[in-house]
Amino acid sequence: MSATSRRLMGVARLEWRRQLAPGRTLWLVFLAMGPVAVMAIMAWMTHKFGPPPGTSEMREIFGQFFQGMVVRGVLFFGCATIFLGQIRGELDQRSWHYSLLTPIPRWQLVIGKYIAGVLLAWALFVVSSGLSRAIFQLTLGTPGFADPGVQKELLGYMAMAALGCLAYGAFFLAVGTLLRGPGYIVAVYFLLEWIQFLLPPGLKQLSVVHYLRTLSPVPLSEGPFALLAEPSPAWWVVSQLLIYTLVGVGLAVWKVSRAELDYRS
Amino acid sequence: MSGALIRFDDVSKFYGEVLGVNRVDLQIGPGITALVGPNGSGKSTLMNLMTGLLEPSQGRVEIFGKAPHGAPELFDQVGYCAQFDSFPRGVTGRQFIAAYLRLHGLSQREADARALQAIERVDLLPAAGKKVAAYSKGMRQRIKLAQALAHDPQILVLDEPLNGLDPMARAELIELFRELAAAGRHVILSSHILHEVDVVADEVVLIHQGYVMAKGDIPEVREEMVDHPLEILLRCATPSLVASELFAHDHILEVRLHEDGGGLMVKTRQADSFYLLLNDLVSSGRIDLEAVAPADDDVMAVYRYLVGSEGGTL
Ligand SMILES: Nc1ncnc2c1ncn2[C@@H]1O[C@H](COP(=O)(O)OP(=O)(O)O)[C@@H](O)[C@H]1O
Ligand SMILES: [Mg+2]
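Along every chain, residues carry numbers that run from 1 in the direction the sequence is written. Each chain gets a letter, beginning with A, and each ligand a number, beginning with 1, in the order they are written. Residues qualify for local features only when their pLDDT is at least 70, as the model is predicted, and side-chain atom pairs are given and counted only at 80 or more; totals for whole chains, interfaces and linings, by contrast, use all residues. Heavy atoms throughout the structure, all of them, feed into the side-chain values; hydrogens and water do not.

**What about the overall build of chain A?**
Cut-off, in case you're wondering: In this text, helices come from DSSP runs of H or I with a minimum length of four residues, and strands from runs of E with a minimum of two, each type numbered from the N-terminal end. As defined in this context, the radius of gyration uses C-alpha atoms, and a globule is described by 2.2 Å times the residue total to the power 0.38. We call two residues contacting when some pair of their heavy atoms lies within 4.5 Å. To measure how exposed things are, a 1.4 Å probe is used in the Shrake-Rupley method; for residues, cover is taken only from the protein chains shown. Positive: Lys, Arg. Negative: Asp, Glu. His and the chain ends are not part of the count. All charge positions are set by atom: Lys at NZ, Arg at CZ, Asp at CG, Glu at CD.
On a plain count of helices and strands, chain A comes out with eleven helices and zero strands. Counted from the first residue to the last, chain A has its helices and strands arranged as α-α-α-α-α-α-α-α-α-α-α. In summary, chain A has a C-alpha radius of gyration of 20 Å against a globular reference of 18 Å for 265 residues, a match within 12%. Long-range pairs, those at least 24 residues apart, make up 81% of the contacts in chain A between residues at least 6 apart in sequence. With the model as given, the accessible surface of chain A reaches about 12200 Å², and the carbon-plus-sulfur share is 72%. Taking the average location of the 21 positive side-chain charges in chain A and that of its 12 negative ones, the two points are 11 Å from each other.

What follows is the structure, encoded as structure tokens:
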């Protein structure tokens, strides 16, 4: 291994060790298991009390559940926990100087931390999303897992979770790096995610839900206030999400590269 | 200075309106250099500037000929034990040190081995596997020190490394600093107590309110401090009479009558002799004084403060 990749591995390992301190791990696993548990209960009820109404309706219910509980709940708070715990967490705990005093360029510190955070978020939330959808299939009954349509849908949800982690991660990394007390921004942003369909187009660009909704494997009705518009093609939405991610990570890199150490809160 | 790896060239640092350090010219060479000054005098600011955690508002800081902010490659050669008593979450002493050694490009095995060596140097082996969060203040101080020297840097910057340690541990660490200096390292340490470091330091830099007031080996610093002219304000009814009595003595540098005619300003190089003389004149009834006040007692005050009550050690 080259010295640089060893260093980046070092950054990641240290980050995982920090992230997986006992209390936090419990909270993150609790978040990840939430939707899995809900789907398991649903499957159990189906088994006990008989199947619910028509399949297509049910699939939209899962689609809405995913946007509500998984994206706005699990991904939102999970990524807030992980990525606000990165640079903001190190500043709050006054441990950031140890990293700044190593021979790693600051931009690499930020990128290394971000990648470590993304891998952790994926391991928790992409897996949990796939698992929820898989268990949901037990409720639906037919067709079985062998059906290519089912597999495609399952992968679709996992891909959405993966993209959601990238974008939320970048958002919280940037907010935590740029602001001393990001708590109120998180609250405002949470609200914004729930009312994103009401927002003017400019503000909509900030909402991760706004992008992810259009990627849903099953069409979702847009609610009473939605403007009817042609859905954007998936490749376009995905590139917008990736740009969103790049901007967030770029802001964090920019701030860390020029900032002086300042632990005042 | 030849061999100086650290240079401050007319460096000022302001925190917004607050002065951190002002117009510092300083060169630090091999051996042990002690930055000494009261709390808030600017020691940590100088150290943060040296290590690039801060950038100067004015002037230039160089180590190994480079500005430390934005030159990460320097940190293979610099170790900094900062003032903050804080650690990453959840680590044991050994993990703490090994984790940052990995960031120096070492493999996990090398990092683990080096971490243990460093922990041994600060005599903390039995606690290597315990969580740092459970350490005592003195142990935390020592594990920080071990972390700073684990990658064997040429320059070691140690902010108040003796703080919070019992006399035994202090003696051991001072021995360690001597070893490092003898091996050609630059050891820069800070303290707010002069006699804590005067036995070990090759050079002392006295700092007060952001200014470097004196620098050199101990006798040099002492001379600079003692020779610093002192201004004393005397209030009395007959200033010209007092002036004529004082003028006869050669440790008096300057006497100025105050504009209001009710006092005079005296400048002297030897405070002690001056106060003795003043006592003589008053007790023999030759002059009559209403008040005596040092107009600029900064230097002496700092000096006395730093030397503590038993000023004789300097
Ligand atoms: N981050 C900061 N923001 C504002 N003022 C600061 C900051 N850090 C230090 N100071 C001020 O700068 C001066 C020097 O502080 P410092 O270098 O910490 O002194 P020392 O280490 O000698 O105790 C003090 O007046 C202190 O209050
Ligand atoms: Mg200090």
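**Re the sheet that holds strand E6 (residues 155–158) of chain B**
Residue and element names in this part refer to chain B. Rules: Pairing between two strands is assigned when DSSP locates at least 2 bridges connecting them. Helix axes use the C-alpha atoms of the stretch in contact, all axes being lines fitted to C-alpha atoms, and the angles between their N-to-C directions lie in the range 0 to 180 degrees.
One open sheet holds the six strands; their spatial order is E5-E6-E7-E3-E8-E9, and the pairing between them is mixed. The open sheet is flanked by strand E5 (78–81) and strand E9 (211–216), the only strands paired with a single partner. Across this sheet, the average inter-strand angle for adjacent strands is 15°, counted without regard to direction. As judged from the five bridges shared by strand E8 (residues 203–208) and E9, these two strands associate in the antiparallel manner. Bridging from a neighbouring strand, valine 204 pairs with glycine 216 of E9. Helix H1 (residues 43–50) contacts strand E3 (31–36), E5, E6, strand E7 (186–191) and E8 of the sheet and is inclined by roughly 150° relative to E7.

**Some points on the pairing of E5(B)**
Residues and elements named next belong to chain B. Test applied: The buried label goes to any residue with under 20% of its type's maximum accessible area, the exposed label to any with over 50%, and the partly exposed label to all in between, with areas taken from a 1.4 Å probe on protein chains only.
Residues Val78 and Tyr80 of E5 are buried on one face, and the alternating residues Gly79 and Cys81, pointing to the opposite face, are buried as well. Bridge analysis of E5 against E6 gives four bridges, and the strand direction is parallel. Within E6, the residue paired with tyrosine 80 across the bridge is valine 157.

**Let's talk about the pattern of salt bridges**
Residue and element names in this part refer to chain A. Basically, it comes down to this: Salt bridges are identified by distance alone: a Lys or Arg side-chain nitrogen within 4 Å of an Asp or Glu carboxyl oxygen.
According to the stated counting rule, one finds 25 salt bridges over all chains in the structure shown. Arginine 264 is the salt-bridge partner of aspartate 262, the closest N and O atoms lying 2.7 Å from each other. Using a relative accessible area of 26% as the deciding quantity, one classes aspartate 262 as partly exposed. The exposure class assigned to arginine 264 is exposed, which follows from its relative accessible area of 58%. Several salt bridges share partner residues, and in doing so they unite Glu15, Arg18, Glu90 and Lys113 into one network.

**Brief notes about the interface of chain B and chain A**
The criterion, for reference: When two parts are brought into contact, each loses some accessible area as probed by a 1.4 Å sphere; the total of that loss over both is the buried area.
On the side of chain A, 33 residues touch chain B, which itself brings 32 residues to the contact. Carbon and sulfur atoms supply 58% of the area that chain B and chain A bury against each other, a total of about 2900 Å² over both sides. Taken as a group, B:Leu53, B:Arg89 and B:Leu103 account for 28% of the area that chain B buries against chain A, more than any other trio of residues on that side. The interface formed by chain B and chain A includes two salt bridges.

**Details of the environment of A:Gly202**
Residues and elements named next belong to chain A. Tracing the backbone through its elements, the reader meets glycine 202 in helix H9 (residues 201–204). Owing to a relative accessible area of 54%, glycine 202 belongs among the exposed residues under this scheme. It is 36 Å that separates the C-alpha atoms of glycine 202 and arginine 18, two residues lying 184 residues apart in sequence.

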